[in-house]
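Each chain is listed here by its residues.
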Amino acid sequence: MSIADNIKKIISTIPSNVKLIAVSKTKPKEDILEAYQCQQKIFGENKAQELAAKQKELPHDIEWHMIGHMQSNKVKYIAPFVALIHSVDSISLLQEINKQALKNNRTIKVLLQFHIAEEETKFGFAEIEALALLDSSEFKALKNVEVCGVMGMATFTENIEQIRKEFKHLKRIFDNIKKSHFSTNENFKEISMGMSGDYLLAIEEGSTMVRVGSSIFGGR
Ligand SMILES: *Cc1c(COP(=O)(O)O)cnc(C)c1O
């Protein structure tokens, strides 16, 4: 199956209120263009410099999302144009994003990443840490970042009930934080969860953004 066929098939399974982020990391720009020609306009990458290089060479109406763990010193490469950073996992990263956003005279939208998997290797806040961040004066001083929701990655496992449980956990975190800190903010609305192997399950559990790579572009 071609990239075009894969995109069409996936789009036909996703409700219109869920956004498809086509994860193009490691893939050449020809592959991205093939997806773009099927009206796919949102792409996700996990490395800042690769993202910035692709942005320069590809159509400028593409919406670029950063989905991978970030070091603060890389924010500057994507700050001028990035549409959404899914992977914010510390106050220091958030402060650097704010600084670079200010430099570029814009506001950068972000999601808070939560650690919902069993694996220690995955990044992200615990709920209690994020609540402390949102209550802190450091956070309240940041005027050029906008927190639009939450992101998480489930454990890499065949056990569907475990994955479902982890997605439910992220949905519960979203609901709690929405209620406690964003009840009057309609821009806090995104739950980024679900990848090639589990995006339909994620949508059942309330995902608003699925990040799909290998089912579109093939293995890496
Ligand atoms: C690579 C990646 C994906 C996409 O994974 P696939 O299994 O190829 O769909 C989604 N989210 C993040 C954070 C990734 O790094």
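Refer to the structure presented above.
Residues numbered from 1 in each chain as written. Predicted model: local features only at pLDDT ≥ 70, side-chain atom pairs only at ≥ 80, totals over all residues. Heavy atoms only, no water.

Caption draft 1: The nonpolar core, seen in detail. Counting 65 residues, the largest nonpolar core has Phe43, Ile78, Ile85, Ile97, Phe114 and Ile216 as the members making the most contacts within it. In contact with Phe43, other than residues within four places in its own chain, are Ile21, Ala22, Ser24, Ile32, Ala35, Tyr36, Ile62, Glu63, Trp64, His65 and Phe217. In this structure, Ile21, Leu111, Cys148 and Met209 belong to the second largest nonpolar core, which totals seven residues. (Core = buried A, V, L, I, M, F, W, Y, C linked by side-chain atoms within 4.5 Å. Buried < 20%, exposed > 50% of the residue type's maximum accessible area, 1.4 Å probe, protein only. Contact = heavy atoms within 4.5 Å.)

Caption draft 2: A look at the pattern of salt bridges. Following the criterion strictly, the structure yields ten salt bridges and no others. Where Glu204 meets Arg164, a salt bridge forms, and the shortest distance between an N and an O atom there is 3.0 Å. Taken together, the residues Glu204 in helix 9 (residues 199-204) and Arg164 in helix 8 (residues 160-181) connect sequence positions 40 residues apart. One salt bridge connects Lys168 with Glu205, and the closest N-O pair in it is separated by 3.0 Å. Remark: Glu205 occurs in the loop between helix 9 and strand 8 (209-212) and Lys168 occurs in helix 8; sequence separation between them is 37 residues. Owing to a relative accessible area of 41%, Lys168 belongs among the partly exposed residues under this scheme. Classification of Glu205 by relative accessible area gives buried; the value is 11%. Shared partners join several salt bridges into a network, and the residues in it are Glu161, Arg164, Lys168, Glu204 and Glu205. (Salt bridge = Lys/Arg side-chain N within 4 Å of Asp/Glu carboxyl O. Helix = DSSP H or I, 4+ residues; strand = E, 2+ residues; numbered from the N terminus.)

Caption draft 3: Looking closely at the site of the ligand. The environment of the ligand is made up of Val23, Lys25, Ile67, Met153, Met195, Ser196, Arg211, Val212, Gly213, Ser214 and Arg220. A distance of 2.8 Å separates an oxygen atom of the ligand from a polar atom in the backbone of Ser214. Protein contact buries 90% of the 390 Å² of open area that the ligand shows by itself. (Near = heavy atom within 4 Å. Polar contact = N/O pair within 3.5 Å; in protein donor to acceptor, adjacent residues only side chain to side chain. Areas by Shrake-Rupley, 256 points an atom, 1.4 Å probe, with all protein chains shown as cover.)

Caption draft 4: Here's a closer look at the side chain of Ser192. Locating Ser192 in the fold gives a position in strand 7 (residues 190-192). A distance of 2.9 Å separates a polar atom in the side chain of Ser192 from a polar atom in the side chain of His86. Within the structure, Ser192 has its side chain in polar contact with the side chain of Arg211 (distance 2.9 Å).

Caption draft 5: Spotlight on the packing of aromatic side chains. By the definition in use, this model includes four aromatic pairs. Judged by centre distance (6.0 Å) and plane angle (40 degrees), the rings of Phe43 and Trp64 are tilted. Here the residue Phe43 occupies a position in strand 2 (residues 42-45), and Trp64 occupies one in strand 3 (residues 63-66), the gap between them amounting to 21 residues. Here Phe43 matches Trp64 in class, with each residue buried. Centre to centre, the rings of Phe182 and Phe188 are 4.1 Å apart; their planes meet at 5 degrees, and the pair counts as stacked. A residue is classified by how much of its surface remains accessible, and Phe182, at 9% relative accessible area, is buried. Among the aromatic residues, ring-to-ring pairing joins Phe174, Phe182 and Phe188 into one connected group. Positioned over the ring face of Tyr36 is Lys41, at 4.7 Å from the centre of the ring. (Phe/Tyr/Trp six-rings, centres within 6.5 Å; stacked < 30°, edge-to-face > 60°. Lys NZ or Arg CZ within 6 Å of the ring centre and 35° of its normal.)

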